Amino acid sequence: MASDDEREVVRPTWGGPRLTAGAVARRLGVAVTTLRTWDQRYGLGPSEHEAGRHRRYTTEDVRRLEMMRRLTFQGVSPADAARTALAAEPGELAEPAPRVAAARSTGRRVMPVGQAQAAARGIARAAGSMDGDAIAEEIRSCLRTYGTVLTWTEVLVPVLSALGQRWQAGHSVVEIEHLLSWHISTELRMVVPGPAGPRRARADDEPVPALAPSRTLLASVDEEQHTLPLEALAAALREARRGTRILGARVPADAMVEAVRRTGPAVVVLWSQIPDTADPTVFTKLAALGRPIRLIAGGPGWSGPARRRMPPGVALPTSLVEAVEGVLAALGGPVSSRDAGRRASR
Ligand code: B12
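Please read all numbers here as calculations on a predicted model, not as lab measurements. (Residues numbered from 1 in each chain as written. Predicted model: local features only at pLDDT ≥ 70, side-chain atom pairs only at ≥ 80, totals over all residues. Heavy atoms only, no water.)

### A few points about unusual backbone geometry
And step 1. Non-glycine residue M130 carries a positive phi angle of around 55 degrees.
And step 2. Tracing the chain through its elements places M130 in the loop between α7 (113–128) and α8 (132–168).
And step 3. Here E223, not a glycine, exhibits a phi torsion of approximately 70 degrees, which is positive.
And step 4. Along the chain, E223 turns up in the loop between β1 (216–220) and α10 (228–239). (Helix = DSSP H or I, 4+ residues; strand = E, 2+ residues; numbered from the N terminus.)

As structure tokens, then:
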């Protein structure tokens, strides 16, 4: 079965696919009514109009809308964001490089490449010599200065990927993998809620701000042992003062359904790292509950054959920053993903 996005794509013979409002809304993680408002109020709509057909969005239209969404998430007023998106030249519309996007959207400065590489090298060296304290110290220092999104994206993902490559090349790194995973988890779990108000560091003696009630449920799917990206997501949301319920590794589909029944979340994020664990039935079961829940599938597992069997309406973010923004958008309210990057001192 084709995914909903695929089914809704109209493929012309020139100029790239044309998307329906529904497909664009899902891609951006906004409601169709929001798209309509942006069109009516700011003229930011589909540029093509075919007689007798629904209006379709071109690739350039979608890029403008992505810019609109990015800017509004960064706290720019909708009118100003729309003006900027409409005036942008096609070349300016391309998605900025992930590291720039992460920094912008979290309100942090970009982590200098040299600094990220030095931190990654330090962690890799400490891990190689099985020095847990040094791993912890390096991660803690990055989290304090750059926050969760940049530390995860710029430092930890490269270290983990390099480790994965060494494992694949037949090196014995399993003990290193376990030690490193332990310390990444520990440090991410110690990230405290960021301060409300203008960007600033929270003083050590300042009380930790209260979290909004947990309306976000996070879990790795059945048989899936990888959890670190979800732990990074939970930490980034905590920086944005949003609580989460996290069920951890290997949660069977029926237990997921029960957890949703019992806790009534607004957003559910399910992680699958490897194609073997990516069974979309869990999303079908959750969708069948008929509740207004934003369903989000995270992890490379879903990009395999599972993707085609995904029920309609499940969002598939491809980075931590995109997942944070998707959750915050679904939760609504005034908090933007900038808050996720505000300095959280611990
Ligand atoms: C740490 C680790 C473990 C730890 C996990 C600990 C934990 N608590 O999570 C342990 C030791 C338990 C483990 C176990 C196994 N692992 Co392992 N593991 C890893 C490792 C090194 C990092 C995993 C990770 O956190 N990745 C997250 C980031 C770092 O990687 P990524 O997903 O590729 O990131 C991309 C996107 O997902 C996105 N992204 C990044 N972060 C986020 C966050 C969000 C929210 C979103 C939406 C997107 C996003 O951006 C990245 C670039 O595009 C990877 C190597 C790797 N390259 O990932 C292997 C790896 C995933 N493991 C692998 C394997 C094979 C296993 C085992 C089967 C080994 C075994 N024989 O026992 C088992 C268990 C499998 C199972 N059933 O779950 C393979 C998977 C190969 C495959 N594609 O099938 C990998 C790729 C290693 C390799 N190169 O072969 N593993």
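So much for the structure itself; the text now carries on.
### Observations regarding the confidence of the model for the protein
And step 1. With 77% of its residues at a pLDDT of at least 70, the protein reaches an overall mean of 81.
And step 2. Residue range residues 1–15 is modelled with pLDDT below 50. Its contacts to residues more than four positions away, or to other chains, number 32 contacts. (pLDDT = per-residue confidence, 0-100. Contact = heavy atoms within 4.5 Å.)

### Considering the site of the ligand
And step 1. Among the 26 residues in the neighbourhood of the ligand, the closest are listed as W152, E223, Q225, H226 and T227.
And step 2. In this structure, a nitrogen atom belonging to the ligand sits 2.9 Å away from a side-chain N or O atom of E177.
And step 3. Residue H226 places a side-chain N or O atom 2.8 Å away from a nitrogen atom belonging to the ligand.
And step 4. Structurally, the ligand is housed in the largest pocket.
And step 5. Looking at the shell around the ligand element by element, the count peaks at seven residues for α8.
And step 6. Considered class by class, the residues forming the shell around the ligand number twelve nonpolar, eleven polar and three charged. (Near = heavy atom within 4 Å. Polar contact = N/O pair within 3.5 Å; in protein donor to acceptor, adjacent residues only side chain to side chain. 1 Å grid on protein atoms, 1.4 Å probe; cavity = no way out; pocket = protein on both sides within 12 Å on 5 of 7 lines; lining within 4 Å. Sits in = over half its atoms within 2 Å of the grid points. Nonpolar A, V, L, I, M, F, W, Y, C, P; charged D, E, K, R; others polar.)

### A short note on the coordination of the cobalt atom of the ligand
And step 1. What the protein offers the cobalt atom of the ligand as a donor is a single atom, H226 (NE2), at 2.3 Å.
And step 2. Assignment of secondary structure puts H226 in the loop between β1 and α10. (Donors = N, O, S within 2.8 Å, 3.2 Å for Na, K, Ca; no water.)

### Considering the layout of surface pockets
If you roll a probe as big as a water molecule over the atoms, it shows you where there is empty space left.
And step 1. Considered as a void within the structure, the largest pocket measures approximately 1500 Å³ in volume.
And step 2. Residue lining of the largest pocket: 44 residues in total, with L160, H226, L228, P229 and Q273 positioned closest to the centre.
And step 3. Secondary-structure elements contributing two or more residues to the lining of the largest pocket are α6 (98–106), α8, α9 (174–189), α10, β3 (267–271), β4 (294–298) and α13 (320–331).
And step 4. No other element matches the nine residues that α8 contributes to the lining of the largest pocket.
And step 5. Each residue belonging to the lining of the largest pocket can be placed in one class, and the counts come to 24 nonpolar, 17 polar and three charged.
And step 6. Per-domain counts for the lining of the largest pocket show at least three residues from each of domain 2 (96–190) and domain 3 (199–346). (Points joined across faces, edges and corners; volume = space filled by probe spheres on them. Domains from an automatic or database assignment.)

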